[in-house]
Amino acid sequence: MAPADAQQTFHLHLVSDATGETINGVARACLAQFEDVSVQEYFWNLIRSPKQLELAMMGISRKPGLVLYTFVDENLRRDLEAWCRDYNIPCLSLLDPVLQSLANFFGRPFAHQPGKQHRLDAEYFARIEAMDYAMALDDGQGGDHLAEADVVVLGVSRTSKTPTCLYLAGRGVKAANVPVVPGCPLPPALETLAGKLIVGLTKDPHSLVEIRLNRLKLLHGDRSADYVDIEKVKEEVVFARRLFSRLGCPVIDVSRRSIEETAAEIMMLLSAHKLKGETTA
């Protein structure tokens, strides 16, 4: 028998009729709120036939625990729920509340098609195009194409401009990033952008110095001493802040933000910017 103070391990089964991307993402977000809980996850993906479901249920029976599923096939849903009920295993449909709310709102039923969200539709190709765009206009390249951007991200070196733009590209947003370097001219097109969202990223100078030092160590680089001199870095940050003020663009301090949080803030700014444009049109 395990010691009384041994941490209990909970078993979580994620069952999906598609790739499992949706249910895995939701599970990750929710489990992050239970840092002191030990969880063993089991993934049962592409379950689209009674035989496949039977194999999944056999696996679940060996390590019973909470079952989360994303079936849209009514027969598979009914069979899984009945089996869990018979064996007293908790079972929850992850998408039901959202699908039903959307069906009620739209006044029409939803399509019972597994994996529909992953088809090669226009949205998928928009993400690919956005990714190509972010790579082509990384670090101030392709200035002549800034007008095609949904958002232009400015910031001094090591303010996470590139990863933020690539993350946005994964959401279908065409994001270009332009470095702010004192003494170096900005792309002329930046000054003439009309109706485009420009966002400035800033960071605590001490954090910037630390990140830049680590970067130089990794690359065995030998940049100018100004690149990691705290006073020079402070001047860079002030210079960038003044530029953002002159451009009248919103500023996001990324000192304590993850890439995902920064991108989420930019997505909200884009929504507000779009609404503003629709109102004044």
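Above this text sits the structure in question.
Please read these numbers as outputs of a predicted model, since none were measured by experiment.

A. Fine view of the overall build of the protein. Summing up its helical and strand segments, the protein has ten helices and eight strands in all. Expected size for 281 residues packed as a compact globule is a radius of gyration near 19 Å; at 25 Å, the protein overshoots this value by more than 25%. In terms of overall dimensions, the protein has a C-alpha envelope of 70 × 55 × 30 Å along the principal axes. Burial analysis of the protein (281 residues in total) assigns 33% to the buried set. Across the protein, the fraction of contacts at a sequence separation of at least 24, relative to all contacts at a separation of at least 6, is 74%. Of the roughly 17200 Å² of accessible surface on the protein, a fraction of 55% belongs to carbon and sulfur atoms. Distance between charge centres in the protein, computed from 31 positive and 36 negative side chains, equals 1 Å.

B. Spatial organisation of the sheet that holds strand 1 (residues 9-16). Read from one edge of the open sheet, four strands run 2-1-3-4, paired in parallel fashion. Each edge of the open sheet carries a strand with a single partner, namely strand 2 (38-44) and strand 4 (91-93). Averaged over all adjacent pairs, the angle separating strand axes in this sheet is 20°, with direction ignored. Contacts from helix 3 (residues 74-86) reach strand 3 (66-70) and strand 4 within the one sheet, and its direction differs from that of strand 3 by about 175°.

C. View of the packing of aromatic side chains. Within the structure shown, the criterion is met by three aromatic pairs. Note on Tyr 69 and Phe 71: the rings are 5.7 Å apart at their centroids and 40° apart in plane angle, and the pair reads as tilted. Relative accessible area serves as the criterion here: at 0%, Tyr 69 is assigned to the buried category. In this structure Phe 71 comes out as buried when scored by relative accessible area, which is 2%. Relative to Tyr 87, the ring of Trp 83 lies with its centre 5.0 Å away and its plane at 40°, an arrangement referred to as tilted. Classification of Trp 83 as buried rests on a relative accessible area of 13%. Positioned above the aromatic ring of Tyr 227, the side-chain terminus of Arg 212 is 4.5 Å from the ring centre.

D. Structural detail: the nonpolar core. Ranked by size, the top nonpolar core spans 22 residues in total, and within it Leu 146, Val 152, Leu 154, Val 180, Leu 190 and Ile 198 carry the most contacts. Elements with a minimum of two residues in this core: strand 5 (151-155), strand 6 (175-179), helix 8 (205-219) and helix 9 (230-247). For this core, the element with the highest residue contribution is helix 9, accounting for five residues. Residues within four places of Val 152 in sequence aside, it is in contact with Leu 146, Ala 176, Val 178, Leu 190, Leu 193, Leu 197, Ile 198 and Val 199.

E. Summary view of the pattern of salt bridges. In the structure shown here, the tally under the stated rule is seven salt bridges. Here Lys 174 and Glu 129 are joined by a salt bridge, their closest N and O atoms 3.6 Å apart. Placement of Lys 174 in the loop between helix 6 (161-169) and strand 6 and of Glu 129 in helix 5 (residues 122-136) is noted, with a sequence separation of 45 residues between them. On the basis of relative accessibility, which here comes to 16%, the residue Lys 174 falls in the buried class. The salt bridge partner of Glu 231 is Lys 234, with a shortest N-O separation of 3.8 Å. With Glu 231 and Lys 234 both in helix 9 and three residues apart, the pair spans about one turn of that helix. Using a relative accessible area of 34% as the deciding quantity, one classes Lys 234 as partly exposed. One salt-bridge network, held together by shared partners, links Glu 74, Arg 77 and Asp 96.

F. Examining the sheet that holds strand 7 (residues 197-202) more closely. Taken together, the four strands give an open sheet; going across it, the order is 6-5-7-8, and neighbouring strands pair in parallel fashion. Of all strands in the sheet, those bounded by a partner on one side alone are strand 6 and strand 8 (251-253). The mean angle between the axes of side-by-side strands here comes to 25°, regardless of whether they run parallel or antiparallel. In terms of strand pairing, strand 7 meets strand 8 through three bridges, oriented parallel. For Thr 202, the partnering residue across the bridge sits in strand 8 and is Asp 253. Sheet strands touched by helix 6: strand 5, strand 6 and strand 7. Its angle to strand 6, the strand with the most contacts, is close to 175°.

Conventions adopted
- Residues numbered from 1 in each chain as written.
- Predicted model: local features only at pLDDT ≥ 70, side-chain atom pairs only at ≥ 80, totals over all residues.
- Heavy atoms only, no water.
- Helix = DSSP H or I, 4+ residues; strand = E, 2+ residues; numbered from the N terminus.
- Rg over C-alpha atoms; globule rule 2.2 N^0.38 Å.
- Buried < 20%, exposed > 50% of the residue type's maximum accessible area, 1.4 Å probe, protein only.
- Contact = heavy atoms within 4.5 Å.
- Areas by Shrake-Rupley, 256 points an atom, 1.4 Å probe, with all protein chains shown as cover.
- Lys, Arg positive; Asp, Glu negative; His and termini not counted.
- Charge placed at Lys NZ, Arg CZ, Asp CG, Glu CD.
- Pairing = 2+ DSSP bridges.
- Axes fitted to C-alpha atoms, helices over the stretch in contact; angles between N-to-C directions.
- Phe/Tyr/Trp six-rings, centres within 6.5 Å; stacked < 30°, edge-to-face > 60°.
- Lys NZ or Arg CZ within 6 Å of the ring centre and 35° of its normal.
- Core = buried A, V, L, I, M, F, W, Y, C linked by side-chain atoms within 4.5 Å.
- Salt bridge = Lys/Arg side-chain N within 4 Å of Asp/Glu carboxyl O.

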